[in-house]
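Descriptive structure summary
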2 protein chains.
Amino acid sequence: MTSANDLIALIRFVLVRTSHPGNIGSAARAMRTMGFSRMELVTPARFPSPEAVAMAAGADDVLEAAGLHGGLVDSLAGSNLALGLSARRRGVNLPEISPREAAAQVLAAAARGEQVALVFGNERTGLENEELARCHAMVRIPSVDDFSSLNLSQAVQVMAYELRVALLGEDLPPPPVPQDAEPLADAAQMERFYEHLAQMLDDIDFHKGRAPTTIMLRLRKLFQRAQMDERELRMLHGVFADAQRMAKLARRD
Amino acid sequence: MTSANDLIALIRFVLVRTSHPGNIGSAARAMRTMGFSRMELVTPARFPSPEAVAMAAGADDVLEAAGLHGGLVDSLAGSNLALGLSARRRGVNLPEISPREAAAQVLAAAARGEQVALVFGNERTGLENEELARCHAMVRIPSVDDFSSLNLSQAVQVMAYELRVALLGEDLPPPPVPQDAEPLADAAQMERFYEHLAQMLDDIDFHKGRAPTTIMLRLRKLFQRAQMDERELRMLHGVFADAQRMAKLARRD
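None of the values given here were measured: they were computed from a predicted structure.

Next up on the list: the sheet that holds strand β5 (residues 96-97) of chain B. Residues and elements named next belong to chain B. What the seven strands build is an open sheet, ordered β3-β2-β1-β6-β4-β7-β5; its pairing is parallel. At either margin of the open sheet sits one strand with a lone partner, and together these are β3 (67-69) and β5. Of the strand pairs in this sheet, strand β4 (residues 81-85) and strand β7 (residues 137-139) are connected by three bridges, and their pairing is parallel. Across the sheet, residue Gly 84 finds its bridge partner in β7, namely Met 138. Of the strands in this sheet, β1 (11-16), β4, β5, β6 (116-120) and β7 are in contact with helix α6 (residues 99-111), which crosses β4 at around 165°.

Okay, structure coming up:
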């Protein structure tokens, strides 16, 4: 059985000819939040750099382990599948897939034990055609036509996010029960709650001669929807009791 | 037939107490790449700012049209559904949904003609509990536990991306509007509801000297979760008014 970590170890993020070291740092942070750590840099304008460290916001391990390469081919060594992130492009004869499809293909390849590269071009010019020619498919993030350029680290974030969602797949972590969660009220508790609510409405003379049926039905729908826990139920019982106390005092004389 | 643009016009991105103006610019760019343009700012540390313009990379229209607000409630005016982006949190009794689920809920609400807010907290501290108490659900981006903090604009990018993918999907939510559906209460109506609730609790002497803050926070969470419509709100206003009437009678002498 392949674990998520085994798959993750097979996936690298390749940044090609990055101009701004801050973007390398932001990309490292984006990768790290989604559990990825293997970064390969192809002829970055400046690296290492304090700007990269600043923008990594603690993902220093990713930067420190990053490989430095003189060309794209080097950075792809050992990989079986390379996907190039790119805006739509004329004259490139590559299949165009969405980030979600890409994530599925990447995980399928990794599950077969293959190494995979996600390749991101220069901030302004993207990937050159001859760089794309090293890729097996082009991943297009579905931006709008009149404003299509994502920041480099944003593109990394979207791709890393889709990979993480795909990795989490069906085996999503069990529903997050906070340690201090109160148990949800059960059906019997809810029935006692509605009885108390109905009695309180009578006591404060809410119905004024009308039949209470419709009102109680609407209140039931409302409170069922809220899925209250036991603490909330106790709180509302307390409110009802005080309203009843006032009603009783009001009727004293 | 509802067009994508009609839906998009109903969706706002709310940035609360943003420290770095550059992040406001990056968020504007991230929104704009995915076709969104309505940004509301709640007490940003600095705005307008040349750093915001620089990072917007051409999404100046988003910045220029951004609303400035003194508090979260203002920024939510007219909205029927508010989703707060947040890391997992103890003691917050809100449903936790994924960005993908959130996108589906947002589009379903917009398809019913409801206005929707996506709420992003401060870079370092996120959303305060009392800000989350104005939200109907918490959206958690599935980051890894040991490095969970996305940059603000990255969180905006992920959410905007999921919305765009959902918008593009064939599966535009079918209009699930029963003919007799009441409109959901908007943020201003909910605020008036909470004011009335708080006043009623005072009048029936529910607090008995304790500070009302925690109780009100819990009640807010409960009723936000219930996503009440206007008819339900009217009904509860009626109940509160009768409880107050009893309390007044009780104090007659």
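Still to come is the rest of the account.
Here the focus is the domain arrangement of chain A. Entries for chain A in the domain assignment read domain 1 (4-168) and domain 2 (187-251). Placing the centre of domain 1 of chain A and that of domain 2 of chain A at their C-alpha centroids yields a distance of 57 Å.

Turning next to the side chain of B:Ser75. Residues and elements named next belong to chain B. Tracing the chain through its elements places Ser 75 in helix α5 (residues 72-75). Within the structure, the side chain of Ser 75 is placed 2.6 Å from the backbone oxygen of Leu 72, a separation counted as a polar contact. When neighbours within four sequence positions are excluded, Ser 75 is seen to be in contact with Arg 12, Val 14, Glu 40, Val 42 and His 69.

In this description, a pair of aromatic rings is defined by centroid distance and the angle of the planes. Going through the model one piece at a time under the given rule, you end up with 11 aromatic pairs over all chains. Ring geometry for B:Phe13 and B:Phe36: centres 5.5 Å apart, planes at 55°, overall tilted. Note that B:Phe13 is positioned in strand β1 and B:Phe36 in the loop between α2 (21-33) and β2 (39-42), a separation of 23 residues in sequence. With a centroid separation of 5.4 Å and an interplanar angle of 65°, the aromatic rings of B:Phe193 and B:Tyr194 are classed as edge-to-face. Comparing B:Phe193 with B:Tyr194 shows no difference in burial state: the two are buried. Chaining the aromatic ring pairs together yields one cluster made of A:Phe193, A:Tyr194, A:Phe223, A:Phe240, B:Phe193, B:Tyr194, B:Phe223 and B:Phe240. We note A:Arg210 situated over the ring of A:Phe206; from NZ or CZ to the ring centre the distance is 5.7 Å.

If you look at the interface, chain A gives 67 residues, while chain B gives 68 residues. Note on chain A versus chain B: buried area summed over both sides is about 5,700 Å², and carbon and sulfur give 60% of it. Note that B:Glu162 is salt-bridged to A:Arg100, the shortest N-O span being 2.9 Å. On inspection of chain A and its partner chain B, the count reaches 28 residue pairs in polar contact (both at pLDDT 80 or more). Counting only elements with at least two residues in the side of chain A that touches chain B, the list comes to α2 (21-33), α6 (99-111), α8 (152-168), α9 (187-203), α10 (213-226) and α11 (230-250) of chain A. It is α11(A) that provides the largest number of residues to the side of chain A that touches chain B, a total of 13 residues. Looking at the side of chain A that touches chain B residue by residue, the classes come out as 34 nonpolar, 13 polar and 20 charged.

Our focus in this paragraph is α11(A). With 21 residues, α11(A) ought to run about 30 Å at 1.5 Å a step, and its terminal C-alpha atoms sit 30 Å apart, in line with that. Residues of α11(A) that are buried include every one of A:Glu232, A:Leu233, A:Met235, A:Leu236, A:Val239, A:Phe240, A:Asp242, A:Ala243, A:Gln244, A:Met246, A:Ala247 and A:Ala250, and no others. Among the structural elements, α9 and α10 of chain A together with α9 (187-203), α10 (213-226) and α11 (230-250) of chain B are those in contact with the buried residues of α11(A). Where α11(A) starts, the residue carrying a side-chain oxygen 3.1 Å from the main-chain nitrogen of A:Arg231 turns out to be A:Asp229.

Moving on: the confidence of the model for chain A. Residues and elements named next belong to chain A. Across chain A, the average pLDDT comes to 90, with 93% of residues at or above 70. Per-residue pLDDT stays below 50 along residues 170-179; that stretch engages in four contacts with residues further than four places along the chain or on separate chains. On the interface metric, ipTM, the complex scores 0.75, and its pTM is 0.76.

Overall, the coordinates contain 29 salt bridges over all chains when judged by the stated rule. Here B:Arg225 and A:Glu232 are joined by a salt bridge, their closest N and O atoms 2.9 Å apart. On the criterion of chain membership, the pair formed by B:Arg225 in helix α10 and A:Glu232 in helix α11 is interchain, its members lying in two chains. In this structure, B:Arg225 and A:Glu232 share a single accessibility class: buried. Each member of the salt-bridge network shares a partner with another, and the members are A:Arg100, A:Glu162, B:Arg100 and B:Glu162.

We now examine the pairing of β1(B). Residues and elements named next belong to chain B. β1 sits mainly inside the fold: six of its six residues count as buried. Alternating positions in β1 separate into two faces, Ile 11, Phe 13 and Leu 15 on one and Arg 12, Val 14 and Val 16 on the other, with burial throughout. Pairing between β1 and β6: five bridges, direction parallel. Following the sheet pairing, Ile 11 is matched in β6 by Val 116. Alignment of β1 against β2, held across four bridges, turns out to be parallel. In the sheet register, Leu 15 faces β2, and the bridge partner there is Leu 41. In this view, the connection linking β1 to its parallel neighbour β2 by way of α2 has right-handed handedness.

To continue, consider the nonpolar core. One finds A:Met39 and B:Met39 to be the most contacted residues of the largest nonpolar core, which totals 100 residues. Those residues in contact with A:Met39 that lie beyond four places of it in its chain are A:Phe13, A:Leu15, A:Ile24, A:Ala27, A:Ala28, A:Met31, A:Val62, A:Leu63, A:Ala65, A:Ala66 and A:Gly67.

Moving on: the pairing of β6(B). Residue and element names in this part refer to chain B. In terms of residue burial, β6 counts as a mostly covered element, since five of its five residues are buried. Alternating residues of β6 divide into Val 116, Leu 118 and Phe 120 and Ala 117 and Val 119, and every residue in both groups is buried. Taken together, the four bridges between β4 and β6 define a ladder with parallel strand orientation. Bridge pairing in β6 places Leu 83 opposite Leu 118.

Inspection of the secondary structure puts B:Gly238 in helix α11. The exposure class assigned to B:Gly238 is partly exposed, which follows from its relative accessible area of 23%.

Rules used in this analysis
Residues numbered from 1 in each chain as written. Chains lettered and ligands numbered in written order. Predicted model: local features only at pLDDT ≥ 70, side-chain atom pairs only at ≥ 80, totals over all residues. Heavy atoms only, no water. Pairing = 2+ DSSP bridges. Helix = DSSP H or I, 4+ residues; strand = E, 2+ residues; numbered from the N terminus. Contact = heavy atoms within 4.5 Å. Axes fitted to C-alpha atoms, helices over the stretch in contact; angles between N-to-C directions. Domains from an automatic or database assignment. Polar contact = N/O pair within 3.5 Å; in protein donor to acceptor, adjacent residues only side chain to side chain. Phe/Tyr/Trp six-rings, centres within 6.5 Å; stacked < 30°, edge-to-face > 60°. Buried < 20%, exposed > 50% of the residue type's maximum accessible area, 1.4 Å probe, protein only. Lys NZ or Arg CZ within 6 Å of the ring centre and 35° of its normal. Buried area = accessible area lost by both parts, 1.4 Å probe. Salt bridge = Lys/Arg side-chain N within 4 Å of Asp/Glu carboxyl O. Nonpolar A, V, L, I, M, F, W, Y, C, P; charged D, E, K, R; others polar. Expected span 1.5 Å × (residues − 1). pLDDT = per-residue confidence, 0-100. Right-handed = clockwise from strand over helix to strand, strands pointing away. Core = buried A, V, L, I, M, F, W, Y, C linked by side-chain atoms within 4.5 Å.

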